[in-house]
Amino acid sequence: MTTYRYPTYDLLSGAEVAEHLPLTVEDFTRSLSEAGGISASLPMRDPKVRQLNPRGATTPRRTLLRALRDDVPVWEGIIWTRRYTASDGKLVLGATEIRDYFSHRILRALDPATPRTLTFEQVDQLAVFRALIADMQAVQFGGLMPGNLAIELGAETSGVLIDRKDTIDDKQAYHGYEMRPYADLLDELANADDGFEWRIDPYEGPNREPRRRLVLGYPRLGRDPGPDCTTLEYPGAVTDYSYDEDGTNSADVLVALGAGEEQAMRWSAATDVDALVGGWPLLETTTDHKSISVQADLDRLAAGDLATVSGDVVITSLTVRGRPDVEPGDWVRTRIFDRALSDEVVDRYVRALSVKTAPGPPERTTIAVEDARG
């Protein structure tokens, strides 16, 4: 029988605070493009719970919560919120995955008199990404490193070399005076045309201490389609599914807005020519990249942004018994036989966008998977 344990740790030191909190967990989510969360609560009127010092073990901002499935870490996140409600005696916790921390940090100078600039010339984009995270973790205050979450960075390469440097015409280095969140800088790198994907995976060290590693994938993360993919069938392990087609946010022309104002503003337009020639109506949208002044970089961002909105997005939500061996970014083979849609088995490969697990019992997992746009 599958068992879950929910320990907490001091976020910076990694010291264990509680070996296990008897949480009621509705579900927890790992996502490919954003920080997944957890829905959990503690029954504070239970004397056994109060003996565990639940408030001391769940301090917002400085506490790491983990979900261990049969003693293997399958989720971790920072507790940001908690709410006690007298009517039901429950302490409700709100926590999100580690990547959410990047939105709470800004690249800046620590002293107004000391400018701070990061410059890169013909450096692999994955190395630039790691350098930004290393810079975020290296900030010191009074001999302490309060921004160091001990994220292990690896050495992956993409072969795509980029510049982030100042020239006579443009300031493209990372400047502390811009005060931009690291999350924005990282997403801008990853989401460019010919960009990449990333996530942070939790694991345990030799003494069962919490550790985590950055995983970078160019151009994508996860297992490719093929015989090694997990196969999910309906009827079978898949107990329910939904098939959603959505063109609400689709566009075939995207204009990326860059640095400058009014007539002096830099911009780049990317067009899905095949869609327009094929008879689809003109749909336009914009994205903001106000710190970008190099036209070539803006062109790459426009093409990358257009790829995320071209055509209809088709998302299938699969509800599965247990917790299959699927991580965000993996390709999954689905075989669905439902006469309401087809008289034949619909057999295709789709890609997992998020994995939401409800520990139960019974344990069940909801996987959001996406077909290619088109």
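Here the structure is a predicted model, which means the values were calculated and not measured.

A.B. asks: Can you explain the sheet that holds strand β20 (residues 253–257)? Please cite residues and give values.
C.D. replies: The three strands lie next to each other as β21-β20-β22, forming an open sheet whose pairing is mixed. The sheet terminates laterally at β21 (267–271) and β22 (284–288), the two strands that pair on one side only. Each strand axis lies, on average, 20 degrees off the axis of its neighbour in the sheet, ignoring direction. Pairing analysis gives five bridges linking β20 to β22, with the strands arranged parallel. Its bridge partner being in β22, Leu-254 is matched across the sheet by Thr-285. Strand contacts of helix α5 (residues 295–307): β20, β21 and β22, with the helix running at about 35 degrees to β21, the strand carrying the most contacts.

A.B. asks: Can you break down the sheet that holds strand β17 (residues 210–217) residue by residue, with the values?
C.D. replies: Spatial strand order, β12-β17-β16: three strands in an open sheet with mixed pairing. A strand with exactly one partner marks an edge of an open sheet, and here the two such strands are β12 (151–152) and β16 (197–204). The sheet contact formed by β12 and β17 spans two bridges and is parallel. Within β17, the residue paired with Glu-152 across the bridge is Arg-213. Strand contacts of helix α2 (residues 125–137): β12, β16 and β17, with the helix running at about 150 degrees to β17, the strand carrying the most contacts.

A.B. asks: A description of the side chain of Arg-5 should follow, citing residues and the corresponding values.
C.D. replies: Looking at the element boundaries, Arg-5 is found in strand β1 (residues 4–5). A polar contact is formed between the side chain of Arg-5 and the backbone oxygen of Glu-19, at a distance of 2.9 Å.

Rules and cut-offs
Residues numbered from 1 in each chain as written. Predicted model: local features only at pLDDT ≥ 70, side-chain atom pairs only at ≥ 80, totals over all residues. Heavy atoms only, no water. Pairing = 2+ DSSP bridges. Helix = DSSP H or I, 4+ residues; strand = E, 2+ residues; numbered from the N terminus. Axes fitted to C-alpha atoms, helices over the stretch in contact; angles between N-to-C directions. Contact = heavy atoms within 4.5 Å. Polar contact = N/O pair within 3.5 Å; in protein donor to acceptor, adjacent residues only side chain to side chain.

Bear in mind that shape data such as this cannot, by itself, settle questions of function.
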